[in-house]
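Spelled out, the chains give:
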Amino acid sequence: MPTPYDVPPSILIEKLAKHLKQEVDEITPPAWAPFAKTGIHTQRPPTNPDWWFVRCASILRKIYVKGPIGIEKLRQEYGGRIDRGAKPEHARKGSGAIVRKATQQLQAAGLVEQSRNEGKIVTSEGRRLLDRLSTELKRELEKTVPELRKY
């Protein structure tokens, strides 16, 4: 059975974001989402109107792959390089409010839970959802690229 390790992440995140938007009522963008930057390293808010669902899907996949993982490690994952003019660039973390609120919504949906003093982990329901979507995606990709059947 294919897992999120076996399919391209970008396609899986897109499919998962669509599922979260249509099927999971607990995941809703906060009122401040249209105006928020995703970190100090960005200059403008995201242009995609559904960016909140894409970020929640991406966080869910990252927790699946790298879990147990905490908020600070997730902030590092979504950080970037800040432009300091003529000075060398430096790494900065992503927005903590976005990561924290997204993980809280994923916990309310029952897809993520707090591990004891280790960070967030994916629940069995979240694991089942990601595995099911990965299986569907792998079957779709095998129809277009038959060479993927051996994996």
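Residues numbered from 1 in each chain as written. Predicted model: local features only at pLDDT ≥ 70, side-chain atom pairs only at ≥ 80, totals over all residues. Heavy atoms only, no water.

A. Highlighting the pattern of salt bridges. Counted according to the given criterion, the structure contains 9 salt bridges. When the shortest N-O distance is used, the salt bridge between Lys 66 and Glu 77 registers 3.0 Å. Taken together, the residues span a long stretch of sequence, with Lys 66 in helix α2 (residues 51–66) and Glu 77 in helix α3 (residues 71–77) at a distance of 11 residues. In this structure Glu 77 comes out as partly exposed when scored by relative accessible area, which is 33%. Through salt bridges that share partners, Lys 15, Arg 132, Glu 136 and Glu 140 make up one connected network. (Salt bridge = Lys/Arg side-chain N within 4 Å of Asp/Glu carboxyl O. Helix = DSSP H or I, 4+ residues; strand = E, 2+ residues; numbered from the N terminus. Buried < 20%, exposed > 50% of the residue type's maximum accessible area, 1.4 Å probe, protein only.)

B. How the structure looks around the nonpolar core. Of all hydrophobic cores here, the largest spans 34 residues; its most connected members are Leu 16, Leu 20, Ile 27, Ile 59 and Leu 60. Residue assignment for this core shows that the elements contributing at least two residues are α1 (9–23), α2, α4 (96–108) and α5 (124–144). Sort the elements by how many residues they give to this core and α2 lands first, with 9 residues. If near-sequence neighbours (up to four positions away) are discounted, Ile 27 is found in contact with Leu 20, Trp 52, Phe 53, Cys 56, Gln 105 and Leu 106. (Core = buried A, V, L, I, M, F, W, Y, C linked by side-chain atoms within 4.5 Å. Contact = heavy atoms within 4.5 Å.)

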